[in-house]
Amino acid sequence: MTNQELKSYRTQLIRDASMMQKKPDRIPHVSFFVTWKILDAGYKLSEAMNDYSIMEKVVRRHQEKYGFDAIFEYGGRNAIRIPQAMGGSTYQVNDEAGTINYKDTAICEADELDELIADPMKFFYEKGMAKKYPCWADKTVTVEDVQRAIDEQSEFIKYHMNITRIMQEEYGMPAFTAPNGFTYPGLDFLFNSIRGIKGLSIDMRKQPEKVEEAIRALNKLYFDPGLETLKNAQEGPDMNYCFDYDITLLCHTILNVKQFERFLWPDLKAVLDTLAEKKKTVRLFMEGSSKRFWDYLKDYPKGIITIHPEQDDVFEIRKALPNCAIMGGMPVNLLGQGTKKQCLDRAKLLCDELGKDGGFILCQDKMVSFKNDANPENVKAVCDFVREYRV
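The rules behind the values
- Residue positions are given per chain, counted from 1 along the sequence in the order it is written.
- Two thresholds apply to this predicted model, a pLDDT of at least 70 for residue-level local features and 80 or more for giving and counting side-chain atom pairs, whereas whole-chain, interface and lining totals are computed over all residues.
- Each side-chain value is derived from all of the structure's non-hydrogen atoms; neither hydrogens nor water enter the calculation.
- Classification of ring pairs uses Phe, Tyr and Trp, with its six-membered ring standing for Trp, and accepts pairs whose centres are within 6.5 Å; under 30 degrees between planes counts as stacked, over 60 as edge-to-face, and the remaining range as tilted.
- Secondary structure elements follow DSSP: runs of H or I of four or more residues count as helices, runs of E of two or more count as strands, with numbering from the N terminus.
- Exposure categories follow from relative accessible area, calculated using a 1.4 Å probe and restricted to protein chains: below 20% of the type maximum is buried, above 50% is exposed, and the middle band is partly exposed.
- Grouping buried Ala, Val, Leu, Ile, Met, Phe, Trp, Tyr and Cys residues that are joined through side-chain atoms within 4.5 Å yields what is termed a nonpolar core.
- Two residues qualify as a contact provided that any one of their heavy atoms is within 4.5 Å of a heavy atom in the partner residue.
- Throughout this description, the term salt bridge denotes a Lys or Arg side-chain nitrogen within 4 Å of a carboxyl oxygen of Asp or Glu.

Visitor: I'd like to hear about the packing of aromatic side chains, residue by residue, with values.
Guide: A full pass over the atoms with the stated rule returns 21 aromatic pairs. With centroids separated by 5.1 Å and ring planes inclined at 80 degrees, the aromatic side chains of F32 and F285 adopt a geometry described as edge-to-face. Pair noted here: F32 is in the loop between β1 (30-31) and α2 (36-40) and F285 is in strand β8 (residues 282-286), with a separation of 253 residues, a long-range link. The exposure class of F32 is buried, given its relative accessible area of 0%. Ring centres of F260 and F293 lie 4.1 Å apart, and the angle between their planes is 15 degrees; this geometry places the pair in the stacked category. Separated by 33 residues along the polypeptide, F260 in helix α14 (residues 257-278) and F293 in the loop between β8 and β9 (305-309) bring together distant segments of the chain. The two residues F260 and F293 agree in class, both being buried. The rings of F123, F124, F182, Y184, F189 and Y222 are connected pair by pair, giving a single aromatic cluster.

Dropping the structure here:
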């Protein structure tokens with residue numbers, strides 16, 4: 001096949017599996033390897049993250065060595081250069097341990113929620129930035145500081161456009177998600193960037209009405225415009241992409257069912273309902289366990305949702321949600337600690353049981369981040385097996 005033909009073939013594999021209308025030619029295999037691929041290539045995290053030419057080599061090598069059908073991310077998961085340009089320390093990189101951590105810090109205190117609700121952008125500019133950047137806090141920030149961050153943002157975008165083109169044209173890699181708006185739920189915004197895990201957990205119990213008000217205020221920035229864009233999108237799947245939409249949820253990990261229904265489900269339902277109405281597909285990655293929320297997904301049309309669970313049993317999901325395709329199933333701990341035979345046995349079981357009638361995409365259950373998360377020989381063996389195996 002030419003690279004263009006290979007790209008079309010891989011896209012169709014994933015589309016057939018996710019849309020559940022016909023059985024794909026074989027089980028598609030997606031890479032959910034993130035910072036691991038830097039370490040696997042023999043570089044330090046800081047080397048690749050601070051040098052896009054090295055990151056390009058890392059991504060190229062990852063595909064040349066393993067030959068996935070799609071790669072979830074091309075080295076942009078942790079854009080450390082942008083906050084660094086203004087003296088921020090959002091990310092903590094430890095090259096000796098091969099780890100990167102994201103600080104769970106609150107840029108808004110509980111007694112500042114009214115200010116946030118009144119004008120989120122004003123709050124971010126006047127208070128939020130000061131919590132993240134020392135130069136903003138001590139009022140020594142200059143136009144040059146801001147320009148450096150803007151320039152770094154431009155370089156980041158330029159890198160992504162270039163590596164995406166390279167992977168498509170030279171390696172026949174499909175584009176993962178179509179550009180159909182960005183609906184960032186207000187609750188996830190509060191959880192990830194504004195109140196933090198501890199703060200939001202307390203807020204939902206002590207001042208739930210304020211949380212709802214904050215969600216509505218924050219939704220006006222990203223969620224509402226993104227949803228409107230999605231509503232105006234052309235009906236039907238965009239077959240130039242593996243998925244029409246991608247949702248990664250993290251805030252649900254601290255929610256019980258009542259909290260989920262009150263604070264998150266209205267926004268998530270609005271997106272899923274629109275996707276169903278437009279006959280578009282979505283990859284829904286739910287970190288932690290999502291089992292307590294499965295009932296909310298069971299009535300959507302077949303082939304709309306591809307659920308990618310992190311901790312839940314994929315065989316149990318197939319029974320509970322026959323309307324959903326499944327992506328995942330390969331435990332990271334097995335890739336890292338198991339034998340080659342154990343990894344191959346697991347891959348075969350997944351293909352035979354979940355892929356025999358379609359509706360399954362093999363992938364790792366977690367973002368593969370640390371060196372010991374996966375043994376390269378195990379990864380290569382699974383990739384080679386899946387590429388040749390026919391159910």
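Visitor: Pulling in residues and values, what's your account of the nonpolar core?
Guide: Counting residues in hydrophobic clusters, the biggest one holds 77 residues, and the most contacted among them are L116, L187, L190, I194, I247, L272 and I305. If one sorts the elements of this core by residue count, α14 sits on top with 9 residues. If sequence neighbours within four positions are ignored, L116 has contacts with C108, F123, F124, L190, I194, A214 and L218.

Visitor: Residue-level account of the pattern of salt bridges, with values.
Guide: Under the defined criterion, the tally for this structure stands at 29 salt bridges. Put simply, R262 and E212 hold a salt bridge, and the shortest N to O gap is 2.9 Å. One end of the pair, R262, is in helix α14; the other, E212, is in helix α12 (residues 208-219), with 50 residues separating them in the sequence. For R262, a relative accessible area of 37% corresponds to the partly exposed category. With relative accessibility at 23%, the residue E212 sits in the partly exposed group. With its nearest N and O atoms 2.6 Å apart, the salt bridge here joins K269 to D273. Of this pair, K269 and D273 both sit in helix α14, 4 residues apart, which is roughly one turn of the helix.

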